[in-house]
Every structure is written in C-alpha cells, then in structure tokens.
Amino acid sequence: MAEPVVSTAGATVFLKVYGIWIAAVICASLIALVIMLIRMPKSPTEWAVGLICTLVSSFTGGSFLIVYFELHAWVVDPFGVMALGGIFFMSGLPGWAIVRWTTNFIHQRESKTILDVVRELKDAKDELKK
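First things first, this report covers the structure right here in the doc. From a predicted model like this one, the values you see are computed outputs, not experimental measurements.

1. Points about the nonpolar core
Stage number 1. Of all hydrophobic cores here, the largest spans 8 residues; its members are Ile20, Ala24, Cys27, Ile66, Leu71, Leu84, Ile87 and Phe88.
Stage number 2. Looking at this core, the elements that each hand over two or more residues are α1 (9–38) and α3 (78–108).
Stage number 3. If near-sequence neighbours (up to four positions away) are discounted, Phe88 is found in contact with Ile20, Ala24, Cys27, Ser58, Phe59, Gly62, Ser63 and Ile66.

In structure tokens, the structure reads:
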C-alpha cells in the first residue's frame, strides 16, 4: 500500500504566480485603510475618490519602482514578496496626497475663470523664483 504523500509543489507554484498580486492587493488595501483612518472623508464621494486614487497610485507607483530598480527576482522568495508589498504600501500615500491637494486647489478656485487661475499660477511661479 502506498504511503500518502503531501505535495507543496502546488502551493509553491501558486505563490510564485499569484504571490505578488496577493501582496499588492493586501498592501494597497492597507494603505487605503490607513489613509482613511488618518483623515476621515467628509462624504461618500470623497471616500470613493480617496480609495480609487490610493489603489491606483499604489499599484502604478509600486510597479514603476519594481521595474525601475529591477526587483523582479524578489518574487520567488516569500520575504521578497513581503518587501515588494512594502513598496506597494508606500507608493499609495503620495498619490492620495497629490490628488487631495489638487482637489482642494480646484475647489478653492471654483468661481474663478481659467485666466484668473493661470495668472495666479504664473504669479506663484514668479514668487518662487525670487
């Protein structure tokens, strides 16, 4: 009678193929949660925009950094996948902040014309040069 054999090859292949995606989704979701807890959204619309921007910047920024620094080899090591997850995690915050600042800038100038906004930006640029 043959002895029962437990194979971990299937789990290893699964982690190699899907591990980075699992890490990316978990880390992007965690950074979205952290951001939402730090600064609670004022409305459901603001919550949705914050969530979408955080997830998109986490995935795109994290992917950019992984490709730019050629960190693809880390995918085969479980600790490497955790490290790559950290890259996805840290990439979400700047994207959310930039979108938040841009949205606040636009809301403050809703009643102005495009010419007024361009003049204001030009004056701000000249002020920075001084």
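Here the narrative resumes.
2. So, the packing of aromatic side chains
Stage number 1. Within this structure, the stated rule accounts for 3 aromatic pairs.
Stage number 2. Relative to Phe88, the ring of Phe59 lies with its centre 6.4 Å away and its plane at 70°, an arrangement referred to as edge-to-face. With Phe59 in helix α2 (residues 44–68) and Phe88 in helix α3, this residue pair connects regions lying 29 residues apart in the sequence.
Stage number 3. Where Tyr68 meets Phe69, the ring centres are 5.0 Å apart and the plane angle is 90°; that geometry is what we call edge-to-face.
Stage number 4. Put simply, the rings of Phe64, Tyr68 and Phe69 pair up and form one aromatic cluster.

3. Structural notes on the environment of Asp77
Stage number 1. Within the secondary structure, Asp77 sits in the loop between α2 and α3.
Stage number 2. You can call Asp77 partly exposed: its relative accessible area is 37%.
Stage number 3. Sequence spacing of Asp77 and Asp126 is 49 residues, and the spatial spacing of their C-alpha atoms is 50 Å.

Scoring rules and cut-offs
Residues numbered from 1 in each chain as written. Predicted model: local features only at pLDDT ≥ 70, side-chain atom pairs only at ≥ 80, totals over all residues. Heavy atoms only, no water. Core = buried A, V, L, I, M, F, W, Y, C linked by side-chain atoms within 4.5 Å. Buried < 20%, exposed > 50% of the residue type's maximum accessible area, 1.4 Å probe, protein only. Helix = DSSP H or I, 4+ residues; strand = E, 2+ residues; numbered from the N terminus. Contact = heavy atoms within 4.5 Å. Phe/Tyr/Trp six-rings, centres within 6.5 Å; stacked < 30°, edge-to-face > 60°.

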